Each structure stands twice: as C-alpha cells, then as structure tokens.
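Coordinate analysis (summary)
Each chain, letter by letter, is given below.
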6 protein chains.
Amino acid sequence: MPANATDFTKVLSQTVTRLSETSVSLNNDLGGYGHVLPSVVTITEIIKTLKQLLFPEFFYNNKPSEEAMKHYHIGVDVDRLFSLLQRQIACSLHFNPATVAVVDGIESVSGDVAARTISELPELKRMLYTDIRAIFNNDPAVGNEAEVILCYPSIKAMLNYRFAHLLHRLGVPLLPRIITEIAHSETGIDIHPGATIGEYFSIDHGTGVVIGETCIIGCNVTVYQGVTLGAKNFSLDSNGHPVNVPRHPIIEDNVTIYSNASVLGRITIGHDTTIGGNVWVTHDVPPYSRVLQGQPRSEIFTDGAGI
Amino acid sequence: MPANATDFTKVLSQTVTRLSETSVSLNNDLGGYGHVLPSVVTITEIIKTLKQLLFPEFFYNNKPSEEAMKHYHIGVDVDRLFSLLQRQIACSLHFNPATVAVVDGIESVSGDVAARTISELPELKRMLYTDIRAIFNNDPAVGNEAEVILCYPSIKAMLNYRFAHLLHRLGVPLLPRIITEIAHSETGIDIHPGATIGEYFSIDHGTGVVIGETCIIGCNVTVYQGVTLGAKNFSLDSNGHPVNVPRHPIIEDNVTIYSNASVLGRITIGHDTTIGGNVWVTHDVPPYSRVLQGQPRSEIFTDGAGI
Amino acid sequence: MPANATDFTKVLSQTVTRLSETSVSLNNDLGGYGHVLPSVVTITEIIKTLKQLLFPEFFYNNKPSEEAMKHYHIGVDVDRLFSLLQRQIACSLHFNPATVAVVDGIESVSGDVAARTISELPELKRMLYTDIRAIFNNDPAVGNEAEVILCYPSIKAMLNYRFAHLLHRLGVPLLPRIITEIAHSETGIDIHPGATIGEYFSIDHGTGVVIGETCIIGCNVTVYQGVTLGAKNFSLDSNGHPVNVPRHPIIEDNVTIYSNASVLGRITIGHDTTIGGNVWVTHDVPPYSRVLQGQPRSEIFTDGAGI
Amino acid sequence: MPANATDFTKVLSQTVTRLSETSVSLNNDLGGYGHVLPSVVTITEIIKTLKQLLFPEFFYNNKPSEEAMKHYHIGVDVDRLFSLLQRQIACSLHFNPATVAVVDGIESVSGDVAARTISELPELKRMLYTDIRAIFNNDPAVGNEAEVILCYPSIKAMLNYRFAHLLHRLGVPLLPRIITEIAHSETGIDIHPGATIGEYFSIDHGTGVVIGETCIIGCNVTVYQGVTLGAKNFSLDSNGHPVNVPRHPIIEDNVTIYSNASVLGRITIGHDTTIGGNVWVTHDVPPYSRVLQGQPRSEIFTDGAGI
Amino acid sequence: MPANATDFTKVLSQTVTRLSETSVSLNNDLGGYGHVLPSVVTITEIIKTLKQLLFPEFFYNNKPSEEAMKHYHIGVDVDRLFSLLQRQIACSLHFNPATVAVVDGIESVSGDVAARTISELPELKRMLYTDIRAIFNNDPAVGNEAEVILCYPSIKAMLNYRFAHLLHRLGVPLLPRIITEIAHSETGIDIHPGATIGEYFSIDHGTGVVIGETCIIGCNVTVYQGVTLGAKNFSLDSNGHPVNVPRHPIIEDNVTIYSNASVLGRITIGHDTTIGGNVWVTHDVPPYSRVLQGQPRSEIFTDGAGI
Amino acid sequence: MPANATDFTKVLSQTVTRLSETSVSLNNDLGGYGHVLPSVVTITEIIKTLKQLLFPEFFYNNKPSEEAMKHYHIGVDVDRLFSLLQRQIACSLHFNPATVAVVDGIESVSGDVAARTISELPELKRMLYTDIRAIFNNDPAVGNEAEVILCYPSIKAMLNYRFAHLLHRLGVPLLPRIITEIAHSETGIDIHPGATIGEYFSIDHGTGVVIGETCIIGCNVTVYQGVTLGAKNFSLDSNGHPVNVPRHPIIEDNVTIYSNASVLGRITIGHDTTIGGNVWVTHDVPPYSRVLQGQPRSEIFTDGAGI
C-alpha cells in the first residue's frame, strides 16, 4: 500500500486510467455528444410551479393579492411551465430511440405535447380535489381540507402521479417516471405513471405503497401504507427481456385495502370489497368480499425466551 | 392541436382563464388576504435549531469551544427558537378557525405557548436520551450512543414527534403535523403528534412505521420497520365526517413488535408481549403473550414455474 | 405563565441555564475540543462525485465532451474524491476510540485507506453494472439500462451500499453507516454496510427493504419492497449490551423474495427458492423451495360492516 | 499575552463584557425592539424588479414570450414591487422620528406612497430613455442603444437615482439614500436623491462623479468621470450641526463638464458652457463660456530625476 | 390618492396597462423571440475559470495537488471555458446586426473564435506576468509578486481587459465590453477593450482610471488613480451619431502619469515623459518631458473663513 | 483555424499542454502543497461578524431582543470571530516567508494575535464612533448618526481600515491588505493598513480617495472624494526593488482637503489648513494655510467649437 504522497499519486493515476478505459456498452445510446438528459433540478422546478398553479392559495412564498394572483401570477406560471416542460419533453424524446417517429421534429412535437398537457390542467385540478375530499372523508384525524393539501404526503404523490400520467398517455418517455420517482423519494409512495386511477382515490400514511404500471383502479378506492398492487411473474421475449403485458391487478370501485397487503398478478378485486392487512392475494376476489389473514398462533409465555 | 407559436399562445391563455375561474370551495377559509400560512422552510430551521440545542456536541457546523457553547450559543439558539416558534404558532392559529377562543389575542397567546414549549425542552432532552439508550441496548450493530444520535433515523423521528407532541398538547393546530410529516418524509416513520409514547421507546430501521393519533404506548416498547399501530374503522358524524374518538391500540410496557405487523383498533396489547412480524392483530392480547403468523405453505419445486 | 416580554425573557434565560447544566454522559467521548465530526454535507458531495465517476455519461451538470471527460474530468474527480474521503476517514477515526491502533497516525492511515478505496472503484463499477443488468432483466416496465441508472432508487441504494461496504471492510468506523443512511432516507432501502451481497442483485421499488449487518447474499438474488432480512434475537454481554454475532440470514444464489416478507435469524434460504410475500420465515428453507402464506379467510358480505 | 486555550477564553469573555457594556448614545432611537430596519437585500430585490419592469426585453433571467411578458409578467412585477416597496417604506418611516406626522398610520401612508411611486413609473421610463439616447449621441464607441442599457454604469446610476428621487419627493426618509448608495458602490457614481436632474442627462465612464443634494441640473447636460458638483462650505445651527440650505451648483441646459472638474457652492453655470477637466470652479460662469485650467509648466529633462 | 386596498389595485392595474403599452423603439432589434442575450452570471463564471487557469496556484477553492492540477484541472477548465465562451460569443453575434457576415453560421463561427481565443491564453498569461512584475517594481509597499496577484485591483482590471481585447480583435461584439465593465464595477478602472496596451503596464490604486477605445500605449507605462486617457471631442455622421475615429492619446514607452491627470484627444505623449497629477493636457508632449500643474495660490489665514 | 469538433479538441489539448508547462517563477513560494491561502469568502464573513459586534443594533438579519443580544449574541460573535481570525492569520503567516521567526509555532502565534486583536475591539468601536460623529458634523444632508452607519461608504472603509491597521501593527502579513482591498472594491476608498489616522476622521463621498502606507494623519481631518495622499517617488535597493521608507504626507490636526487634490511625498500639511480641490501639492504647507488652484482661463464662445 502507498506510504507517501508520491505513491498516492501513482495509485490515483492508475485508477483514472482504468476508469477511463472501462467500456460499458449499454443497450441504448444516450443521444450523442451535445444532447442533454432531462434535469432533475428543472423537473423539481416544474412540480413546484405546478403546485402553485393548482393550489395558488397555498404554495406561493410571498402570497400575492387575490387580484394579482388571478390576473397575472397564474399567467406567468402557465407560461413558465410551458417553457420548462417543452424543454424537458424534448430532452426525453432525444433520449429514447424507440420513439423515432418524432425525431425529425422533436422541438415541434415537444411544443405540441407541452401545450396539450397544459390544456388538461383544469381537469387535473378537478381530479385532485376529489382525492383531497376522499382523504378528508376517511381520516378522523384531519380537521379540514386545507390541512390535507398542506400536510398529506399522498397529495404530493397523487399530484406527481396524475401529472406524470398525462405525459405518459401522450407518449413522453422517461420524464413521467422521473416525476413519480421524485414523489416516491419524498413520500415512499411508488405509483407507476402508466397506472390508471379513478376519482376519489385515497392513500393514508402511504409509505411503502406500490402501484404497478398496468393497474386499473376504479373510483372511491382506499389503500393504506405498505400495500402492493404488483406483478406475480412475467414471460420473456426472444432476447430474454420480460414482455410488457397487463400483469397488475384490476381494482373495482369502493375497495379498501389495509396495510401491508400484497395483491399480485392480473386478477380482479371485485367492487365493494375489503382486503385486510398483511394478506397475500394472487387470485380473483368477487364483489362484496372480505379477505383476512388466517388466525395467528398465540400463546402465553413467561420464560423471557422471545420468539 | 396547435401547430405554431400563435396557437400555443391561444391554448395557454385559455388555460390561464380556466384555471383562474376554477372556484374551489374548501370547508375552511385560509385566514384571508395577508395571513400567511406556516412555512416549511422556517419549520425546518426550527428543527435544525432544536437539534443544536438538544445535542450541542453534534450538530453545529463549526463546533464552538465548550465554554462558548454553554455560555453563549445555547442562549442564542433559545432566543432564536422562541422567535421563530412564536411566529409559526401565530400563523397556525390564524389558519384554524376552530381555535377561535384565542383569535382576539393571537400574538400574545403565541408568545405564551412558545415560552411554555421552550420551558419543557430540558424534559424533552431527558426523554430523548432514554430513547437513545433503548436503541443502544437493542442493536448489536451499534458501538456507542453517539453513533445512534448521528445515524439513526428513529432519533430524527422521535425528536420531531416529541417536540410536536408538546405543541399538540398546548393546543397548537397544523404546526405539529407539519413537523412530524417532515420526519415522515426523511425517515418513512409516521407518528401522529397526538400519540402518547413513554420512555425508552425504540424503533429500529423504521421505514413504514405508522403510529396513530390516539395510540397510548408504555415504557420500554420496541417496534420494527413496517409496523402499523392503526385504526380499524370509525363512525361518521351527521355531516358524514369520521368522528375523532380513541381508535388506535394501547401498547403496555415491555412490548416488542416485529416487522410489518399490523395492530389495529382500540385494543390492548398486554405488557411483556411479543408480536411476531407480518401478523394482523385486531383483538386484545393478554400480557406475556407471543403472537405469530400461522405456518406458511412450503414445498420443493424444480420445474422453474415460480409462484 | 408569562404575560409579557420581561416574563418571556425570564423563562428563556432559566431554560438556557437548565440546558447548559444538563450533563449527559455518553459511553464514548467525541474526540475532544477541536475534533470535528464527519460532515453529512461533505459526504453527500463525496457521493455526488462518485456518481459522476462511475456514470460519467449521466450525472455531469453540463455534459463535457467525451475527450475532456476521459482525459481530464475523471482525473479531477478522482483527485477530489481522494481529498474529501481522506478527511472524512480521519474524522471518523478520531471519533471512534475503539480503533486506537491507528490513533498515533490517523492522517497517514486515512490516506492509505482512501487510496485503497479508490483503487477498488473499477471493480465497484463492474459490480454495479451487474445490478443494473439484473434489474433490467426483471422489470417489463423498463425500456433500457440507461433508464435504470437514471430512475431506479435501488441503484442509488446499491451505489451507496457497495461503496460503504468497501470502507467497512477496511475498518473505517461511522462513515459507512452515514453513507447507507443517506440512501435509506432517499429510497427507504436500508442496507447495513457490513452485509455481503453478490453480483446481479436486484431490488424492485424497494421502500421498506432492510438487510442486516451479518447477511450473506449470493448471486442473482431479487427482493421486493418491504422485505426484511433481519435478526430474530440476540444475547447480551456482561455489560448488558447485545453481542455482535452472525444473526442475519444467508440467502443462496437465485432466490426471489416477494413484498413484505420477513426472513429472520441466522437461517439459510437454499438456492433457487421463492419466498412469497407477507410471510414470516424463521427456519431454514431447502433449495428449490416455494414458501407461501397460509390461505386467507375470505367471505362475501353485503352488510357494509367492514372488517 | 495568553499562552493557552484557558487564557484565550478569559480574554474573549472580558471583551464580551466590555462590548456588552459599551453604551453608545446615538442622537436618534431606532424605533425600539421589534422594529426592523430597511433591508439592503430586499432593496436590491426591488431594484432588480424595477429593471425588469422598465427594460423587460433585457433583464429577465429566462426571457418569456412577448405575449406573456405584456399580459402577465409586468403585472406580477408591479404587484411584487408594490408589496416590497410598501414594507421598506414602512421600515423607513419607523426609523425616522422627524416624520412624526405619519406615525399613527404608517402602514396606510406606506401603501399610499408605494402606489403613488408606482403610478409614476411610466414617466420614469420615458425619462430614462432620454438619458439612454443622450449617451448614445455622445459616445462614438457605442453601436446601438441596447448596448447602452446592457453595459453602461451610468444607466444603473440614473435608474437608481431617478427612482430614489421619486421616493425622496414623497417624503420617504433613509430608503432613497440606501438606493443611491447601492448604485454608488457598483458604479462609483454618487448622486444624492435630492438633486434635480433634467432630461437627456449623460454621464460617461462616471467613476468618482458626485452630485450634491441641492443641485439643479437642466436638460442636455453631460458630465465625465470624477466631476464634483459639491458644496464649498455651510453654516452651523445652534446645536453645531450644519444647516441644510441650497449649497450646490445650478447647471443650466447644454452644459458639458470634463473629467475631474470640481464645481462647488451655490453658483450658476450658464447654459451652453463647457468646463474643461481638472478645474476648480467656485464662482458663477456666464452662458456660452469655456473654462479651462491654466497652462501647465512643461520642460524637457533627461536626467531621470522624475517630478 | 388611494385610501384602501381596492384603490391600490386600481392604481396598480392602470400602471400595468401603461407599462405594457409603452412602445420603445430602439435602433436595433434584439434578435427576436427566443434569442437570449449574453448573461452576466455566465460571463462572471468565465472570468473565474480564466483566473484559475492563469493563476492555478492561487484561485482554486480547494487547492488540488500539483500533479492533479497540471494533468487534469487545467484540462477541465479549458474544456469548460471553451464551452461557456462559445455560447456567449454566439449570443453576442445574434445580438448585433452589424456583423451579418457570420449570421448564417453563428454556431460554427463561435466555435472558431472561442478556440482561437483559447489558443492565445499562454501569451495572455505571459503578458499579465509582465504587468505583475511592473507593479512589483513600482510599489515599495508590496513584499512579493504573489501579493500583487492576490490583492491588487489593477490585476483584476488587466486580466479582464487583456482577455476582452483578444475577443474584440476577433470581431466579437458586446461581450468584450461586458467583461471590462465587470472589472470597472469591481475596481473603478475603466479600460475599453479596443485600447492597445504594451507589456509591463502598471496601474496603482486605480480608482477612476479611464482608458479610451483608440488609445495606443507603449511598454513600461505607469498610470495612477484618476488618470483619464480620453477624447476631447468628435465629429458627427450624417445621422447625427458621433464618428468612431482615432480620438484618444498615444502614450509612448516609459511614460508615468500621476493621479487625476486628464490627457485628452489624439495627441502623443513622447517616451520617457512624466505627467504630474491634476493637469489637463490636450496637446502633444515631446519625449523626456515633465508636465506639471501651474503653482497653486497659497496664503496663511487664521480667521476660520474657509475657502 | 479549426473547422470541426475534432480540430477544436486538438487546439484545446495543445493549449492545455502549453498552460501546464508554463513555469512561472515567483519571488516567493506559496507555502507548499497543502497550505491554503487566506480566503476572501472567510474574510468577508469576518467583516460581517465584526459589523454585527460593533453595531449590534443595525446589522443582524433578524434583530434579537436586547437581552439576548447583550448576553448571548455578542458572546457567540466574539467566539466565532476569534476562530475565523485565528485561521486566517495562520494562513497569512504560512504565506509569508519573511516572518520566519514565528514559523515553528504558527498555530500558537495565530491564537495570540487573534486574542490580542479581539481585546482591542472596544477601543476600535470608540474610535469608529468618533468618525461617525465627525461625518455627522460635516454633512448638512444627514439627519442623524444612525443614517451615517447605515448608508455612508466611508464607515465601511474606516471599519475595514481600522481593523486591518490593528492586524498590521501586530505583524500579520497579507491579511490586512486583503481587508482594505475589500472595502476599496465596495467604496472606491483605498486606505493602506499601514497608515496612521487619528480620531474624528471624516471622508465624504470618498470614491477615488487614496491614503498611502506611511501617511500620518492627525485628529479632525476631513478629506473629500478623489483626494490622493501619495508618494512622489522612491529609491531602489540593490535588487532594483523600491525601498520602503516614509514617503507619504503628514497631515496635522484640523485639516480639510477638497475633492481631487493630490498631496504627494513626505511633506507636512500644517494644522488648521484648507487644501482646495484639484491642486497638486508636493511641498510643505505651514499651519493655517489656504492652498487653491491657480485661476482658470475663462472665455465666452458662441461658435459651438467646444474645447
């Protein structure tokens, strides 16, 4: 091992050489020199702007007058959101060679998609307010809806998911996933942008919730922390890569799923069903069901031996 | 869809109009123009100051001399904490119309509450050191208590919870919940400020832990990651909103609850009990119990068919 | 309670005195006046530099030309990483009185360890690319490996873990744990730096995963969110502190463990085994096994009574 | 002198005591505990907002579309400017005991003054464009007016002066001077907010220019670097403080004053006059004059003796 | 004047309308929607990078090892400087309609010019070291050359000037002037990028120095604070705009000019001449001259009447 | 010139090589690898702390209560100032090989000097308040002393100078000059730390003022913008470097010097003298003198010919 500064220098310069030579062949190229990747910093800015737009009474640093908010701030934020979004969409399209159809006019397509996304924001706002109402209706601990908007991690997660879902539907690669992963990191709630989720969706606490790409979720569904709506298994294509087919559950209206339950595979959970916590469900469940874990083993012990 | 800049402009300005018109009627008002909401940035600063105050040997950016720390820095931090806290308490009281009793003198009440909170910090410090000791006693992987303070997410969560609980007891709305949600986002541990937790409380790993508003937890209790101490269900009041009554478990002294267990409803887990992981418990458990999941189905397979 | 500014001043100054007097005797000293603790800000910078070094195509803010990246940027980053790392290793060695053997030459030992760590980065990079490949092979939702690098929290967690494990093997105290806790906070994945993990390790979603200090994990192992590989219990030494002995599972090659399963104690899960979700496993499992939760209780109900 | 850490501590704590005891009696009070002084950081933000408002094509970080700029950004900036300005005006009025007439309604007066100031911004913009045109007409080195706006320090100085002059005219204390001192620090041009300056005023280079409080300057006046328009002397009042009477020059239309000239006292420089550089002028100068320094002494020397 | 919030709103919205309508016709266009102007923030970054490159021993935040500095850091800085510079050159060319010859290939021309500029940095470094030596030789107060580099504002001014002069010679509009104005603001030294200045140029103190666009300055010239090398007057073209012809002094080798002297017009100051302070020189001066101000009027007074 | 990216790469890499090879031999070494230079960022922090200490009523971002300020904040600031100062003094001593006497104990000497400096702060505060009073007494435009502290650049300059002078007297190299140059850049006032300046010193406006290293200035002296108290010439030592001997003026009590006057050489300006603006004074002036520039040439012209 090196015993002095000269030896350190030698070790370091050998490592530099080895790291420079490491040739990693990824199975896609990154758009070549000059193409920049989507930026997490900018996307965070996009989400911040979106929150101001959808909840203007809550998230401005210095609350403007109501007049100024309505007439000017919303305009500035929409203009800014469009410009940031167009750029990140363009970066995402450059990144993904699978969407070649648009390559000869990425700037133009990006503008179209950004404008289309923005035109759906009023509907997005309406949907989010149904989620807020659903949480308020499900939680005795909350005093009013404003508290839900300010404090509940599920609102962060749903805002990012519903926005990412818009972009996903319009064919934007990569960007939607980065958006939902930002919420995943902050809240522990991992909803794939491809999932379809109806109105009045409520997640309580939320840490550990996973909702997979091909899930279809109805209205008035409630899930608790640690619930997985996942895949059980998948087939491989001729290259040995898993085939992307519907593989996640369909959850019908008015279903409640308690903490840490795992619901796996392309099964259907019938409407008005309650899934108890900690169960492992891999088969269809009819409407109006209750599914609970088998009885635990229970015994008295006074020997201090532990489990 | 828009094909050029002029069309984009049209789409954007239509969306601005629609978003400006969206009239959302929340079931509380936000204190009117001019009243600012509590600020997450400031509350983060409050928590940072609190950490310096309670663990002065650990969290100063540039460690001062011991003399200066004792005589001056603690004074500056207490003064600063008081001033920041008073302001955030006032914002919280403006926010919540339910606490009208204090509205005619919010500034004065805020000062009282802030001073009262600060006067309890020495006791808060003592409690936190019992938690540190409990973690140290439960984890073979840790070499000393300082490492617990520096590395363990449960200490972050308990510091925020125990401080938020003080404010909650003194009747401050909103602010306590924002404080515990900051810890929830960083650690995945979600403890409601209303919960009551005794000395020597230890959480290991912690991600996914949920402790509900009306929980009562004794001394020397240990819980692992993914444990839920939650509500099973609730009644609705005449407005259709859930009634806030005791609905979470009572956990007596010397109980250990293993990973991912769900303990739900106003049940009592008797003292000196061990709850194994992944169980779903919705009934009282007597003292000195062991509760374990039923035996799994197990089989050998060599066909590669998976589950 | 105080009714005016003078009274506030009195309460505050009394609290200052009480907090200044609080004498907490920790069971290690912190290296005395003048010794600084490791800095989370600097360690975050170390991880950022490491990401640039290992994935230079992805994580530079302003992507340099390929030539400049190979010839200059990697050199600058290695030099910078060495310098930052040496300092944090030295702080960690000052902190921990158990490693007295090196105290008379901490600066020199720190340089040795930092250089040795850096010399293993090419191997670290190779290992991480096996993890990336494993995720790509297991997830139908991902289009290419670059997306895994950019979006998947498990890559963040594995990068921090594999780097921390290097430092842990070389005897560095404290620092490795801070590194894995940074990833824990961002991803909800908690891997102890002492765990041993083979090639092609894949975590999906990941929130709530816990992998304990003495785990030994083979190659081609896959775990899902909420999986615990933990300890069941431990003995105490004569001081009442738990003894640090092997107490976590051995997972052989080609094992898959589904969401929220808890696998506890020094047991062996034989190769080519599948553990279903939500099970509680505390005994050895032979190779080629399937272990699933017992059947849930299921019933139809239409009375709206809930669980 | 101290020889070790203990002694240092003693010296420091003695100094703390002495500095704490130092009782400085200023001849005004600062508005008491709780009243904050105007903030240079906020005032800098005010000036930045003002620049965006007056030169929207130039000073936005991310240039918005022209539509968005006209319809939304100018509105946001006016709203923001009003809010920041009202607050700083209120702080300034609290600071100054001489303006007691408004003390019983500072918030209301501040709003009035801020609104009045904003209503004069269109005229302020017109005046500044005459200054820009004047500089463009006087400098062969500049290619277009946009370059003047982007590069010329005199535009910074004039923007701050003309805005400060508005506030000064409306009776705001302190704030106007802070605004002109910000420009003084950046440009070396020191114009008192009380000075009166006509259209088409041009300063070239500008470092060292001083224009005193009671100056009256006509139209089409040009001054170069180092020019002083100052006071020669003043009388004292019965407290020994100088009396604030007109004591600076009157400069009529179409005057040019070259570098480093000093023009002092309540004298009149007649229109269409040229003052050469480096002269000292303390008496009236009639219109159409040329005033030049007396001939220098000039000699050849080859002895290397210097001056 | 407005008496309440509604009236304020009205005043503000009227001002918004008036400011939005203000149509200012500048005599050049700004490159249309989408073209960004050069950025002072980026240019400041360019100068910071340049200082690191030219004085690597002095200006790195964390001083790297000499090996790393030579082999890697200089490479990174050159790469970065090229990339930042190319972009700012492109912005400047878009800005200026006079340089139409390059408009059809601005990106390519910008790359050429940036590379050419960088290829002259070694010569730039050599020149700056002659300036440093000259200052060291002229100032008894300085102990060594390193102190000159670290403390003397004239080095800041000369670095910016000599770099801006390179860009000016290569035909880059706007950018050179912004670079010298940054130094002007920091140091009070205003050197036009078009001026020609020989080796071993020394400025002491420097505040108020002005060196005009068409100055030609020989070797070993020293100037003190407040010295103007300016224009006396100029002719107008048919549009009434001043004609850009040689109009500033020629200063031959070995000339010293003392504080606050003004030397104006296309005159020649012969070599080995000393110009005393505070003189006004508008005619040629032969070599080996001394030029001093005429004798002041001096008298004794004891009446306290002042000047 | 390069026509494409490959050629650019070649030009850049050649320049890297040339810049790496440039061997500049300075006439002092910089303390070797590992020794850091004083940091302008830290020194700026020192000055900010010093301003809070000396003017606690004015410069805290969030004004603390008076009690807290006296008992705690001043203590924290003194502790912090000591620690920052000790480090910067040590860096300065490492830098300068001329102060070898202390090299074997730089850390200890730095502590001594820092403590000694801090012990003189109460006297420094007293002196600065005489300067504030002097400005207040000399300027009809100022309403109270607080305004002088908040707005006047001369107070910035005097604070930095008087503090730097303390360090200079105690033998600290480099650091004092960096401190005064920071003020020079902000205010245009350049006072050498070696100058000696009595009580009640007043500078008005100040841009361009230069006060040389060996100046001795009495009490109640007033100088205006652009005044130089400089050196006329100097002898060279046997290495050709100027000898550092007394070479700047002695200004006795009660002297006023008007704008842009240059007073040069080791001459004495007798007490109670007034020096008019724009004069060049290189000989002794007896007490009670008035020194004014010779009469300018003045003439009427109406031909528009200019100067």
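Now for a quick tour of the structure.

Calculation criteria
- Residues numbered from 1 in each chain as written.
- Chains lettered and ligands numbered in written order.
- Predicted model: local features only at pLDDT ≥ 70, side-chain atom pairs only at ≥ 80, totals over all residues.
- Heavy atoms only, no water.
- Helix = DSSP H or I, 4+ residues; strand = E, 2+ residues; numbered from the N terminus.
- Buried < 20%, exposed > 50% of the residue type's maximum accessible area, 1.4 Å probe, protein only.
- Polar contact = N/O pair within 3.5 Å; in protein donor to acceptor, adjacent residues only side chain to side chain.
- Contact = heavy atoms within 4.5 Å.
- Buried area = accessible area lost by both parts, 1.4 Å probe.
- Salt bridge = Lys/Arg side-chain N within 4 Å of Asp/Glu carboxyl O.
- Nonpolar A, V, L, I, M, F, W, Y, C, P; charged D, E, K, R; others polar.
- Phe/Tyr/Trp six-rings, centres within 6.5 Å; stacked < 30°, edge-to-face > 60°.
- Lys NZ or Arg CZ within 6 Å of the ring centre and 35° of its normal.
- Pairing = 2+ DSSP bridges.
- Least-squares fit on C-alpha atoms with pLDDT ≥ 70 in both.
- Expected span 1.5 Å × (residues − 1).
- Bend = angle between axes of the 7 residues up to and from the residue.

Attention now goes to the side chain of D:S202. Residues and elements named next belong to chain D. Along the chain, S202 falls in strand β3 (residues 202–204). What makes S202 buried here is its relative accessible area of 2%. Separated by 3.4 Å, the side chains of S202 and N138 make a polar contact. Beyond its immediate sequence surroundings of up to four residues, S202 is in contact with A134, I135, N138, V221, T222 and V223.

Looking now at the interface of chain B and chain A. Taken together, the 70 residues of chain B in the interface contact 67 residues of chain A. For the pairing of chain B and chain A, the buried interface totals around 6100 Å² over both sides, and the portion due to carbon and sulfur atoms is 60%. For B:R290, the salt bridge goes to A:E299, with nearest N and O atoms at 3.5 Å. The interface formed by chain B and chain A holds 20 residue pairs in polar contact (both at pLDDT 80 or more) in total.

Counting from both sides, the interface comprises 5 residues of chain A and, opposite them, 5 residues of chain E. For the pair chain A and chain E, the summed buried area comes to about 360 Å², and 70% of that belongs to carbon and sulfur atoms. Taken together, the connections running from chain A to chain E amount to 0 salt bridges. Our enumeration of links across chain A and chain E arrives at 0 residue pairs in polar contact (both at pLDDT 80 or more). Where the side of chain A that touches chain E is concerned, the elements lending two or more residues are α1 (5–21) and α3 (66–95) of chain A. The biggest single contributor to the side of chain A that touches chain E is α1(A), with 3 residues. The class makeup of the residues in the side of chain A that touches chain E is 2 nonpolar, 2 polar and 1 charged.

Bringing the packing of aromatic side chains into the picture now. With the rule as written, the count across this model stands at 36 aromatic pairs over all chains. Ring pairing ties together the aromatic residues A:F55, A:F58, A:F59 and A:Y129, which thus form one cluster. One cation-aromatic arrangement involves D:K51 over D:F59; the distance from NZ or CZ to the ring centre is 4.2 Å.

Moving on: the sheet that holds strand β5 (residues 216–217) of chain A. All names here are of chain A. Taken in spatial order, the 4 strands make up an open sheet running β2-β5-β8-β11, and their pairing is parallel. A single partner strand is all that each edge strand has here, and the edge strands are β2 (196–197) and β11 (268–269). Pairing between strand β8 (residues 250–251) and β11: 2 bridges, direction parallel. Its bridge partner being in β11, I251 is matched across the sheet by I269.

In this section: the relation of the copies chain A and chain E. With an axial shift of 0.1 Å and an RMSD of 0.0 Å, the rotation relating chain A to chain E amounts to 180°. In symmetry terms, the pair is related by a two-fold rotation axis.

Here C:N254, not a glycine, exhibits a phi torsion of approximately 60°, which is positive. Summarising the element assignment, C:N254 is placed in the loop between β8 (250–251) and β9 (256–257).

What follows is about helix α3 (residues 66–95) of chain F. Taking 1.5 Å of rise per residue, 30 residues should cover 44 Å, and α3(F) covers 41 Å from first to last C-alpha, within 8% of that figure. The largest bend along α3(F) reaches roughly 35° and is located at F:Y72.

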